[in-house]
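So the chains spell out like this:
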Amino acid sequence: MQVTLSALLAKASAEFVGLQSRADFEAAKARYVGPNGELTALMKQMGAVPKEQRPALGKLINEAKGQLQGQLDAALARISSAEIAAQLGAAIDPTLPSPDAGPGTSHPLTLVREEMCRILRKAGFAVVEGPEVETEYYCFDALSTPADHPARDAQDTFYFPAQARFGNISKKVAGEKYLLRTHTSSVQIRTMLKGKPPLRVVSPGRVYRRDTSDATHSANFHQIECLYVDKNVTVRDLKALLDYIFASLLGKNTKTRFRPHYFGYTEPSFEVDLSAQHLPKVNKEWIEIGGCGMVDPAVFEGVGYDSTVWTGYAFGMGLERLAMLMYGIDDIRYFYQNDLRFLKQFT
Amino acid sequence: MKISLNWLKQYVALDASVDELKRAITLLGFEVEGVINTGLPPLVQVVVGEIKTREKHPNADKLSICTVDVGLAQGGVRTIVCGAPNCDVGNRVPVALPGAILPGDFKIKESKIRGQQSSGMLCAADELGLASQSSGLLLLAADAPIGVALNEIMPEGDTVFDLEVTPNRPDALSHIGMARELAAWFRRPVKFPPTTFRGITNEILRPDILASVRVEAPEDCPLYFGLGLTGVKVGPSPAWLQERLQAVGLRPINNLVDVGNYVMLELGQPLHIFDAKKIKGQQLVVRRAVEGEKLCTLDGKERILSDRMVVIADSAQPLVIAGLMGGANAEVEAQTTDIVIEAACFRPQSIRGTAKRLGLASDSSYRFERGVDPHGTVAAAYRAVDLIQATAGGTVVGPACLVGGDQAWAREIIVSPDYIRERLGFYISDEEMRGALEALNLIIVAAVARPPAVDWTVKIPSYRTDLDRPIDLVEEVLRIYGTDRVPPALAVGPALADGDDDPIAIFNRQVTAYLVGQRFHEVVNYTLRSRQELATWVSDTAAAELALANPFVDDQSHLRPTLVLGLLAALKLNQSRGVPATQLFETGRVFMELNGTVQEYLGAAFLLCHNPKERSWLARSAPDFYTVKQHLMILAQQAGIDWASAELRPISGAGWGWQEGHAAVAGESSIGWSVCGGLLDLTMVRAAGVEGTVWAGMLAILPEKLTSSAGHRRYQPFSLFPTVLRDLALVVAAARPAEEVRRALLGIAQASTGAAFAIEAVEIFDVYRGQGLPEGKKSLGFSLSFRSQERTLTDDEVNAVFTKIQQQIVADGSITVRA
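Before going into details, it helps to say that this report is about the structure given with it.

1. Here's the deal with the overall build of chain A
Working step 1: In terms of helices and strands, chain A carries 12 helices and 9 strands.
Working step 2: Scaling as 2.2 N^0.38, a compact globule of 347 residues should have a C-alpha radius of gyration of about 20 Å, whereas chain A reaches 41 Å, well beyond that.
Working step 3: Across its three principal axes, chain A shows a C-alpha extent of roughly 125 × 45 × 45 Å.
Working step 4: Expressed as a percentage of the 347 residues in chain A, the buried residues total 52%.
Working step 5: Partitioning the contacts of chain A with sequence separation of at least 6, the portion at a separation of at least 24 is 66%.
Working step 6: Counting every atom, chain A has about 15500 Å² of accessible surface; 54% of that belongs to carbon and sulfur.
Working step 7: Distance between charge centres in chain A, computed from 40 positive and 39 negative side chains, equals 7 Å.

2. Quick word on the sheet that holds strand 38 (residues 777-787) of chain B
Residue and element names in this part refer to chain B.
Working step 1: Strands sit in the order 37-38-36-39 across an open sheet of 4 strands; the sheet is antiparallel. This sheet does not close on itself; its edge strands, each paired only once, are strand 37 (758-768) and strand 39 (816-817).
Working step 2: Where strand 36 (residues 724-733) and strand 39 come together, 2 bridges link them in antiparallel fashion. Counterpart to Leu730 in the pairing with strand 39 is Val817.
Working step 3: Strand contacts of helix 20 (residues 795-809): strand 36, strand 38 and strand 39, with the helix running at about 10° to strand 36, the strand carrying the most contacts.

3. Examining a nonpolar patch on the surface
Working step 1: On the surface, Leu96 of chain A together with Trp617 and Leu618 of chain B cluster together into a nonpolar patch covering about 280 Å² of accessible area.
Working step 2: Tracing the backbone through its elements, the reader meets Leu96 of chain A in the loop between helix 4 (54-88) and helix 5 (108-122).
Working step 3: For Leu96 of chain A, a relative accessible area of 38% translates into the label partly exposed.

4. Section: the pattern of salt bridges
Residue and element names in this part refer to chain B.
Working step 1: Enumeration according to the criterion identifies 66 salt bridges over all chains in this entry.
Working step 2: A salt bridge links Glu333 to Lys278; its shortest N-O distance comes to 2.9 Å. With Glu333 in the loop between strand 21 (325-326) and strand 22 (339-345) and Lys278 in the loop between strand 15 (271-275) and strand 16 (283-288), this pair connects stretches of sequence that are 55 residues apart.
Working step 3: Since its relative accessible area comes to 35%, Glu333 is described here as partly exposed.
Working step 4: For the salt bridge of Arg742 with Glu739, the shortest nitrogen-to-oxygen distance reads 3.0 Å. Taken together, the positions of Arg742 and Glu739, both in helix 19 (residues 738-753) and 3 residues apart, correspond to about one turn of that helix.
Working step 5: Because the salt bridges share partners, they merge into one network encompassing Arg169, Asp171, Glu181, Arg464, Asp466, Glu476 and Arg479.

5. Let's talk about the nonpolar core
Working step 1: Grouped together as the largest cluster of nonpolar side chains are 189 residues, with contacts concentrated most on Phe166, Phe246 and Phe315 of chain A together with Ile388 of chain B.
Working step 2: The greatest single-element share of this core, amounting to 8 residues, is contributed by helix 8 (residues 235-250) of chain A.
Working step 3: Of all hydrophobic cores here, the second largest spans 39 residues; its members include Val213, Ala276, Val310 and Val372 of chain B.

6. Concerning the pairing of strand 38 of chain B
Residue and element names in this part refer to chain B.
Working step 1: When you tally the buried positions in strand 38, you get 9 out of 11 residues, the bulk of the element.
Working step 2: As judged from the 10 bridges shared by strand 36 and strand 38, these two strands associate in the antiparallel manner. Paired with Leu725 across the two strands is Ser785, which belongs to strand 38.
Working step 3: In this structure, strand 37 lies alongside strand 38, joined through 9 bridges in antiparallel fashion. Note that in strand 38 the partner of Tyr768 across the bridge is Ser779.

7. Considerations on the packing of aromatic side chains
Working step 1: Here the structure, examined in full by the defined rule, presents 23 aromatic pairs over all chains.
Working step 2: Ring geometry for Tyr137 of chain A versus Tyr138 of chain A: centroids 5.1 Å apart, planes at 85°, classification edge-to-face. Side by side, Tyr137 of chain A and Tyr138 of chain A carry an identical accessibility label, which is buried.
Working step 3: An aromatic cluster of three or more residues is present, and its members are Tyr327, Tyr334, Phe335, Phe342 and Phe346 of chain A.
Working step 4: The side chain of Lys177 of chain A reaches across the aromatic face of Tyr159 of chain A, ending 4.7 Å from its centre.
Working step 5: The ring centre of Tyr481 of chain B lies 3.8 Å from the NZ or CZ of Arg485 of chain B, which sits over that ring.

How each quantity is defined
Residues numbered from 1 in each chain as written. Chains lettered and ligands numbered in written order. Predicted model: local features only at pLDDT ≥ 70, side-chain atom pairs only at ≥ 80, totals over all residues. Heavy atoms only, no water. Helix = DSSP H or I, 4+ residues; strand = E, 2+ residues; numbered from the N terminus. Rg over C-alpha atoms; globule rule 2.2 N^0.38 Å. Buried < 20%, exposed > 50% of the residue type's maximum accessible area, 1.4 Å probe, protein only. Contact = heavy atoms within 4.5 Å. Areas by Shrake-Rupley, 256 points an atom, 1.4 Å probe, with all protein chains shown as cover. Lys, Arg positive; Asp, Glu negative; His and termini not counted. Charge placed at Lys NZ, Arg CZ, Asp CG, Glu CD. Pairing = 2+ DSSP bridges. Axes fitted to C-alpha atoms, helices over the stretch in contact; angles between N-to-C directions. Patch = residues over 30% accessible without salt bridge, like charges linked within 9 Å, V, L, I, M, F, W, Y side chains within 5 Å. Salt bridge = Lys/Arg side-chain N within 4 Å of Asp/Glu carboxyl O. Core = buried A, V, L, I, M, F, W, Y, C linked by side-chain atoms within 4.5 Å. Phe/Tyr/Trp six-rings, centres within 6.5 Å; stacked < 30°, edge-to-face > 60°. Lys NZ or Arg CZ within 6 Å of the ring centre and 35° of its normal.

Right, dumping it as structure tokens:
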């Protein structure tokens with residue numbers, strides 16, 4: 001029996017070394033330790049062995065079984081690791097580039113708009129929106145623009161033909177013409193007509209001017225405007241808001257200055273200058289950045305607010321201009337060309 | 001508008017520096033667009049010298065060594081090296097001595113030039129700041145006194161401010177106007193020019209010069225004043241007058257024309273001067289033009305007039321387009337001796353309309369359009385009489401013809417200093433406010449106590465047409481106090497910010513965040529596109545309905561009905577510049593028409609490009625329709641669209657540039673939203689010059705269909721028991737939408753399971769056409785998962801249901817179960 005076992009073990013170990021696949025392994029395993037395996041057959045002969053020889057023989061068989069199992073485990077480990085190696089393939093070269101696209105990007109105008117909205121949100125201003133196709137009432141009349149003011153001229157404003165109909169843009173005055181809004185101030189009027197004071201709103205959006213496109217002008221551009229209506233709003237409050245906005249946006253060493261100006265819908269009116277010489281490409285002490293003022297009592301009366309009770313301020317500026325200042329961009333047309341070498345620079 | 005500093009100084013004492021003046025003008029509310037210095041700036045150690053000898057420099061071809069007499073006080077004769085070609089002996093030239101500082105901070109020192117001592121520099125005009133370039137030394141008069149400072153013999157320099165005056169301030173469109181403003185700022189008095197002529201006293205009546213004026217359009221011309229002079233002598237203006245006009249960019253013509261311009265620039269009142277001999281019938285008529293009437297204006301152009309325009313005519317023909325420009329037929333000429341001065345007021349709207357219709361603008365119309373002070377009109381004519389008599393002689397003759405102008409002017413505003421302080425939000429004392437107002441000639445004529453407050457009655461001068469309410473005086477006080485002195489404060493927000501951002505803003509943020517996260521690049525395109533592009537890519541209807549009435553350029557004449565065209569253009573630009581671009585998106589308004597009515601939609605669109613020319617060491621699979629579908633579904637969900645109820649259906653027919661059979665749409669204009677996407681027409685994309693295969697998708701929704709988020713969702717419990725899966729292959733007509741079959745199967749499965757347990761999902765995992773199937777059929781593989789909320793299901797109960805499902809699904813005969 002011992003001789004038989006040794007021969008069996010020698011045969012098995014020679015066979016196991018050559019096993020290449022999991023199927024071969026399972027077959028080999030069955031041949032020795034399966035129900036019809038050779039070792040199993042030997043074990044079945046135990047019953048025929050005299051009782052006194054059984055312990056010694058049992059030990060021998062168990063040893064052989066243990067050895068066989070050890071060889072099987074080794075073969076299985078070898079096969080498994082070969083399988084994994086085959087699955088893995090060659091080692092990666094970490095210096096090769098990923099073929100996947102890089103990160104997506106937001107447009108710089110979106111970035112500036114959202115940053116302004118975040119800053120204003122902290123001061124309690126909520127975003128309001130209005131249509132880009134407007135009527136003469138919302139764009140001009142309600143903002144005290146005289147009937148023959150040059151801004152209303154077909155020279156400067158895009159109009160639609162008299163028969164044009166816009167289903168979801170309401171007219172205030174029968175027969176008034178549709179146009180492309182020249183400023184986001186029209187949203188202030190819609191907001192005041194729809195809501196009740198006090199109000200703190202910011203309206204970012206696209207506006208249109210009938211103008212030659214060049215490095216600083218564009219047929220459409222974007223504005224952001226704030227409107228605050230409450231009791232006892234003062235010029236000083238307006239200045240405080242602007243100081244807060246620009247210190248938040250451009251850094252604490254940014255200063256603002258008011259210059260008296262004229263707008264039909266504010267009184268007093270100011271142009272806002274910025275002193276921000278730490279920004280790129282800024283070579284002037286004061287840079288004009290926007291217009292503002294205290295809401296004219298006539299505008300309040302026009303939207304049905306009692307101008308002896310309600311006061312307010314409004315402030316507006318161009319987003320392109322702000323983005324150009326922040327990023328040091330010198331041509332407005334880059335915003336609309338969409339060259340990815342430009343767009344990828346801002347996020 | 002150009003304002004000369006020297007001229008201003010005639011009316012107000014200004015000793016501030018140019019920078020201080022610029023700041024004052026700016027803070028008064030007039031934007032300074034430019035500052036031009038003319039004439040010689042103040043220079044020290046720059047004197048007149050005479051070149052005594054000239055020798056060639058031994059070490060340089062183009063240099064000369066000169067000895068120059070600069071006067072005994074400056075050390076007599078000096079040796080100076082000079083590079084100018086005209087440093088000839090005997091020339092008197094400007095000499096900058098050591099210690100002089102020339103414009104541009106150029107310091108003159110004793111020096112050696114190529115080994116030769118040079119003690120000073122002979123100067124050209126540009127080196128002195130008199131010209132931008134020059135070709136040789138500035139040659140002075142042969143009798144210029146040697147050794148005398150150059151400033152003493154050269155005309156005084158001037159500074160000219162180029163100002164932008166806002167339309168509400170016509171009173172500032174003159175030197176007197178700006179002098180009033182600066183006088184208020186610096187608290188100095190205004191010195192008005194002395195007038196000697198104060199109306200007709202000699203009573204010489206010469207109706208053969210001007211007999212009468214008739215105003216037939218009084219609403220357009222509230223005031224007209226005509227006055228004759230005889231015996232004037234036309235000639236060049238004196239140097240001082242020419243200098244004033246030249247300083248502000250006007251070309252001197254002759255003494256009469258120049259006086260007219262001078263008075264306009266001084267007082268803001270435009271004048272016109274007629275040659276009286278050219279007035280037929282000696283009567284001036286202010287009337288509307290006859291439709292089609294013609295007039296050849298001074299600039300040599302024939303103007304065709306309309307009946308909305310006002311002219312000054314004689315008995316035969318128009319002579320002047322009122323307020324704009326004179327006709328060549330009444331022009332003052334060299335031999336003119338008798339003249340009529342016109343000083344008038346015209347209605348601003350009338351002048352503006354005429355100027356616009358004729359495409360003509362003049363210094364005169366610029367002022368009339370904004371409004372001139374009727375109370376200064378006649379005075380301006382008197383001022384012109386003084387200046388004409390001083391420069392051209394002549395005698396005033398009667399009758400003086402004044403029509404209109406009898407409107408009394410009295411405007412007062414009642415305001416309390418407390419009101420001003422309340423609007424400003426900071427303290428300015430009553431005295432300071434009074435000082436500011438009165439500096440502007442806004443005189444407090446009465447103060448009525450209304451304890452504890454006081455009401456001031458403020459008298460407004462006639463030229464301040466912009467002031468008529470208390471709020472207007474707040475601005476005046478602040479202007480003079482200084483808008484740069486508004487004290488800082490902390491911005492204060494409300495304790496709680498009420499109101500959420502508009503759903504549009506929230507939607508745009510969500511879409512942008514999603515697509516950026518999906519590696520798209522956001523682009524921004526113009527809203528306006530060309531008619532041709534719309535006709536080609538969208539439809540002729542769109543090209544008709546979306547047109548502007550007055551486009552500025554042909555390629556921006558129509559509203560965009562889609563964002564895809566802009567995305568395609570951006571893709572093309574990047575390809576043409578060799579910049580790889582695969583994924584782009586844009587959000588923005590789009591405009592679509594339905595039955596003749598256009599609606600403004602919110603749009604969000606994206607584009608994916610697969611360009612085989614762009615190589616990669618490791619291939620990735622190209623995008624396909626289902627890539628587009630997934631993005632569209634997520635955009636739709638962000639817009640609050642119930643995607644489960646949306647039916648994507650194939651797009652067929654031309655228009656919008658989709659490739660038939662490879663694009664789909666859900667929703668439609670009539671329900672307020674639509675979603676479409678797929679492959680862009682391969683032929684059109686190629687024709688547009690774009691490389692590769694392009695997929696796109698767009699969502700459009702009416703702004704009013706977006707709603708704020710509906711609050712928080714409630715938690716749905718889910719089963720912790722295992723699923724049981726069954727696969728089922730169904731054979732259907734090849735054209736039948738898979739989703740239709742899936743829903744049929746789901747419906748049957750739901751009915752079959754009843755209340756005992758649930759069909760959790762029916763999903764398609766395989767689509768097969770070809771061998772083994774009849775022609776025109778396809779096989780759809782479905783995976784059905786069953787699960788119970790309460791227990792583990794047994795195979796038997798699931799099998800029973802599964803068998804039932806298989807029996808029912810074939811019931812209508814259109815579906816068979818694949819073996």
